[in-house]
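Each chain is listed here by its residues.
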Amino acid sequence: MAVVERPLGGVTVPKPPETNEYAGWESWLTTVDHKKIGIMYIVGAFVFFLIGGIEALLMRTQLGTPNNTFLTPDVYNQMMTMHGTTMVFLAIMPFNVGIANFVVPLMIGARDMAFPRLNALSIWLFFFGGLMLYFSFMAGGAPAVGWFAYAPLTMKQYSPTFGVDYWIIGLLLTGIASISGSLNFIVTILNMRAPGMTMNRMPLYVWMTLITSFILVFAFPSLTAGQIALLFDRHFDTRFFNPAQGGDAVLWMHLFWFFGHPEVYILILPTMGIVSEVLPTFSRKPIFGYAFVAYSGVAIGFLGFLVWAHHMFGVGLGPLANAFFSGASMLIAIPTGVKIFNWIATMYLGSISLKTPMYYAIGFVSMFIIGGISGITLASPPIDLQQTDSYYVVAHFHYVLFGGSIFGIFAGMHYWFPKITGRMYNETLGKIQFWLTFLSFNITFFPMHITGTNGMPRRIYTYEAGMGWDVYNLISTFGSFLMAFGILVLVWNAITSIRNGPPAPNDPWDGSSLEWSTPSPPPAHNFDTIPIVYSRRPLWDTKYPDLDAAFDIGTKAVSRREKIEQEKARMGELPTESHIHMPSPTYSPLIAAFGILVAGFGAIYISVPFAFIAGLIGLVILGVGIFGWVRDSRRDSPYLVSQH
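Residues numbered from 1 in each chain as written. Predicted model: local features only at pLDDT ≥ 70, side-chain atom pairs only at ≥ 80, totals over all residues. Heavy atoms only, no water.

Q: Before we go on, may I ask you to explain the overall build of the protein in this structure?
A: A count of helical and extended segments in the protein gives 19 helices and four strands. Taken over C-alpha atoms, the radius of gyration comes to 25 Å for the protein, in line with the 26 Å a tight globule of 644 residues would show. Dimensions of the protein, computed from the C-alpha atoms along their principal axes, are close to 75 × 60 × 50 Å. Across the 644 residues that make up the protein, the buried fraction comes to 58%. Across the protein, the fraction of contacts at a sequence separation of at least 24, relative to all contacts at a separation of at least 6, is 80%. Here the protein displays about 25,500 Å² of accessible surface, and carbon together with sulfur accounts for 70% of that area. Each charge sign in the protein was given a centre, from 34 positive and 34 negative side chains, and these centres are 5 Å apart. (Helix = DSSP H or I, 4+ residues; strand = E, 2+ residues; numbered from the N terminus. Rg over C-alpha atoms; globule rule 2.2 N^0.38 Å. Buried < 20%, exposed > 50% of the residue type's maximum accessible area, 1.4 Å probe, protein only. Contact = heavy atoms within 4.5 Å. Areas by Shrake-Rupley, 256 points an atom, 1.4 Å probe, with all protein chains shown as cover. Lys, Arg positive; Asp, Glu negative; His and termini not counted. Charge placed at Lys NZ, Arg CZ, Asp CG, Glu CD.)

The structure is reproduced here in structure tokens:
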């Protein structure tokens, strides 16, 4: 194989050899490349997003007219449970993880994630957890307890099928994937940034990914502990959550919502980071108040752990607890409002280019404001007592999670689509799809504020005529099918653009961060030479060195070129890498994840002899995967060097 010499810091570095020993579909099964793993996350999340959308359409069809018999009560409850679980755990979260997997190492100037094989294990556990959850449909019926799975409805006598057990084990697998991925992001961001990229020079999307990872590491164990206790209640007759046996159903609510409310910020903070990258790029000016945007994210991450019981104002915690959680819920609106005002100030007097990502970013801001305002009303216990368990709450969290998270994700998908695929999407179709989604979203969910205020409860599968809800429900159902048509336009645009779209340049949007300095799509090793960072906008420093920098030295404004020279003098001689070696592809993470899946089936059927055999087989497969993992690590370790 020919070797191409490339300069790097005064030395020559051989072009990295092709490390992929597999071709075709095997290259995806064995990959440890963060970019391929990111694409797999995005595609898998989008498939689950479509499935969750179909479940929503079935529910909206049932609720479109009064006294409808399209779905039975049990099937409706299964659709409601699977829709909520799918959208939270299998769609929005992995969407965010997929985008971050592809983009974050590029943005910080790294060659890969800190632990590539752990990254591969995470994607397979996500897939297997989702498949296990949906296998419940073929194993006696899906869970019918809501995505929150309140006790004692989850007890064996009220949910006798294995649906709840599949829910527990499926989410435990995705939980392991999420915690592993979060630790990977934390180590990668803190230890693998390019020379000169201090914490205060990191892109805001990287900041939000780091904060989200810390939130997840601290929040998910609460749900994990609750699920294991619930599994013991169901199979070993323990008494954690069954009031009839001295347990406490409210304990489950505390464990669940201690995870469940930080989960809102796990879903929304990454999209806030996306918007913080899109708005400056298409406004042609730096983000307004970089430090405020970054540290308000830290404040949200901290305060998010102090508000969980505002989901429980109807439980009867008492006036002192209600006052504390009400105050904390209102306080968290301050750092959120800081971000919104900074985004608006970024656009103010900017040279705005209204491309599809910008449309979605502006749509995110506007819809999130509505969701935030309705959330503030729910922070007041007297108002919440009137609105809790009504469709007003359904409207609120969809404005936050769809109008917020999904709009932000769609902004990121269009923004980085050229970098990920190497093709440009159809801009006209992108804008048509945005307006279809924007209008249909409001048609679907805004009337729910009215039906909720008029007393329509959540979680009902039908209702009587003449309650004042008929017209609003029909409008919402019409809007949901219009939204589905908009998503089909998105799918068509993506497929046709990947196949026939014009080739994407390296930097189609004139971006300021490092990912736009790489080819589209980037090579396996990301960078021929690790870049050196001198400001918060390293690519603009390279492209526009004579423009005034966005900071002063003393009292004298300096150009980017002068600032770079000063930074070079300050940083001195930096170490250089003498060899580039990427970790080799391997089946080991897939084998290990499959072993955990088999052991999970054993945990579901723990009361029958099959369980012991399945658990034993699963542990053997897991051991084989770990053995291969260690072997591959030892084989690669002599060649891996620090990129700094």
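Having seen it, we continue.
Q: What exactly am I supposed to notice about the environment of Gly452 here?
A: With respect to the helices, strands and loops of the structure, Gly452 is situated in helix H14 (residues 427-453). Residue Gly452 is classed as buried on the basis of its relative accessible area of 5%. Sequence separation between Gly452 and Leu619 is 167 residues; the distance between their C-alpha atoms is 49 Å. Setting aside residues up to four positions removed in sequence, Gly452 forms contacts with Ser390, Tyr391 and Tyr392.

Q: I tried to follow the environment of Ile37 on my own but got confused; where do I start?
A: Mapping Ile37 onto the fold places it in helix H2 (residues 34-63). We classify Ile37 as buried; its relative accessible area is 0%. For Ile37 and Trp124, which are 87 residues apart along the polypeptide, the C-alpha to C-alpha distance reads 9.6 Å.

Q: Help me understand the pattern of salt bridges, please; the structure alone is not making it clear to me.
A: When the charged atoms of two side chains lie near each other, side chains of opposite charge can form a pair. In this structure the tally under the stated criterion is seven salt bridges. Here Asp33 and Lys35 are joined by a salt bridge, their closest N and O atoms 3.0 Å apart. This pair shows no difference in class: Asp33 is buried, exactly as Lys35 is. Between Arg234 and Asp165 there is a salt bridge; the shortest N-O distance is 2.9 Å. You can see Arg234 sitting in helix H6 (residues 204-236) and its partner Asp165 sitting in helix H5 (residues 163-191), a full 69 residues away along the chain. (Salt bridge = Lys/Arg side-chain N within 4 Å of Asp/Glu carboxyl O.)

Q: For this particular structure, what's the right way to read the nonpolar core?
A: In globular proteins that are soluble, nonpolar side chains generally tend to be buried together. Of all hydrophobic cores here, the largest spans 172 residues; its most connected members are Phe49, Phe89 and Trp416. Per-element accounting of this core gives the leading share, 19 residues, to helix H3 (residues 73-107). Setting aside chain neighbours within four positions, we find Trp416 in contact with Ile99, Val103, Met107, Tyr205, Ile274, Glu515 and Trp516. (Core = buried A, V, L, I, M, F, W, Y, C linked by side-chain atoms within 4.5 Å.)

Q: Before we go on, may I ask you to explain unusual backbone geometry in this structure?
A: The phi torsion of most residues other than glycine is negative, and most of the peptide bonds are trans. In this chain, Ala151 is followed by Pro152 through a cis amide linkage whose omega measures 0 degrees. Structurally, the position occupied by Pro152 is in the loop between helix H4 (116-135) and H5. Ser520 connects to Pro521 through a cis peptide bond whose omega is -5 degrees. Although it is not a glycine, Arg284 adopts a positive phi angle of roughly 60 degrees. One can find Arg284 in the loop between helix H7 (249-283) and helix H8 (290-303). With relative accessibility at 32%, the residue Arg284 sits in the partly exposed group.

Q: Got a minute to help me understand the packing of H7 against helix H10 (residues 333-347) in this structure?
A: When two helices pack together, their arrangement is given by the angle between the helix axes and the distance between those axes. Axis separation between H7 and H10 bottoms out at 9 Å; the angle between their running directions is 15 degrees. When the axes of H7 and H10 are compared, the pair comes out roughly parallel. Our pair here, H7 against H10, has a crossing hand that is left-handed. On H10, the residues touching Leu269, Met272, Val275, Ser276, Leu279, Pro280 and Ser283 of H7 are Thr336, Lys339, Trp343, Thr346 and Met347. Classifying every residue of the contact of H7 with H10 by side-chain character gives seven nonpolar, four polar and one charged. (Axes fitted to C-alpha atoms, helices over the stretch in contact; angles between N-to-C directions. Parallel < 35°, antiparallel > 145°, perpendicular 65-115°, else oblique. Left-handed = near helix turned anticlockwise from the far one by under 90°. Nonpolar A, V, L, I, M, F, W, Y, C, P; charged D, E, K, R; others polar.)

Q: Quick question: what am I supposed to make of H5 here?
A: Each full turn of the α-helix corresponds to 3.6 residues, which orients residues three or four apart in the same direction. Taking 1.5 Å of rise per residue, 29 residues should cover 42 Å, and H5 covers 42 Å from first to last C-alpha, within 8% of that figure. Of all 29 residues in H5, 23 are buried, a share of seventy percent or more. (Expected span 1.5 Å × (residues − 1).)

Q: Where do I start with the packing of helix H9 (residues 319-331) against H10 in this structure?
A: The N-to-C vectors of H9 and H10 enclose an angle of 10 degrees; their axes lie 5 Å apart at closest approach. Viewed along their axes, H9 and H10 adopt a mutual orientation that is roughly parallel. Contacts between H9 and H10 involve Ser329, Met330 and Leu331 on the former and, on the latter, Ala333, Ile334 and Pro335. Across the contact of H9 with H10, the residue classes tally to five nonpolar, one polar and no charged.

Q: Quick question: what am I supposed to make of H3 here?
A: Taking 1.5 Å per residue as the helical rise, H3 with its 35 residues ought to reach 51 Å, and the 49 Å between its terminal C-alpha atoms agrees with that figure. If you look at H3, its biggest bend is around 40 degrees, right at Thr86. (Bend = angle between axes of the 7 residues up to and from the residue.)

Q: How do you make sense of a nonpolar patch on the surface when you look at a structure like this?
A: Taken together, Phe612, Ile613, Leu616, Ile617, Val620 and Val624 make up a surface patch of nonpolar side chains, about 600 Å² in accessible area. By the secondary structure assignment, Ile613 is in helix H19 (residues 610-636). (Patch = residues over 30% accessible without salt bridge, like charges linked within 9 Å, V, L, I, M, F, W, Y side chains within 5 Å.)

Q: Hey, could you run me through the side chain of Ser27 in this one?
A: Assignment of secondary structure puts Ser27 in helix H1 (residues 25-29). With a relative accessible area of 6%, Ser27 lands in the buried category. For Ser27, the side chain forms a polar contact with the side chain of Lys36, separated by 3.3 Å. (Polar contact = N/O pair within 3.5 Å; in protein donor to acceptor, adjacent residues only side chain to side chain.)

Q: Honestly, the packing of aromatic side chains in this entry has me stumped. Any pointers?
A: Where two aromatic rings form a pair, the distance of their centres and the angle of their planes describe that pair. Applying the stated criterion to the full structure yields 61 aromatic pairs. Ring geometry for Phe135 against Tyr166: centres 5.8 Å apart, planes inclined by 55 degrees, an arrangement best described as tilted. In this pair, Phe135 is assigned in helix H4 and Tyr166 in helix H5, connecting sequence segments 31 residues apart. Looking at Phe135, the relative accessible area reads 33%, which means it is partly exposed. (Phe/Tyr/Trp six-rings, centres within 6.5 Å; stacked < 30°, edge-to-face > 60°.)

Q: So what exactly am I meant to see when it comes to the environment of Arg537 here?
A: Counting through the fold element by element, Arg537 comes out in the loop between helix H15 (470-500) and helix H16 (538-543). Accessibility expressed as a relative area gives 9% for Arg537, which makes it buried. Linking Arg537 and Met202, residues 335 residues apart in sequence, is a C-alpha distance of 9.1 Å.

Q: Help me out: how do you make sense of the confidence of the model for the protein in this one?
A: Any region with low pLDDT has predicted coordinates that should not be read closely. Of all residues in the protein, 90% have pLDDT values of 70 or greater, and the mean over the chain is 90. Low pLDDT (under 50) marks residues 550-555, which in the prediction has eight contacts with non-local residues, meaning those over four places away or in another chain. (pLDDT = per-residue confidence, 0-100.)

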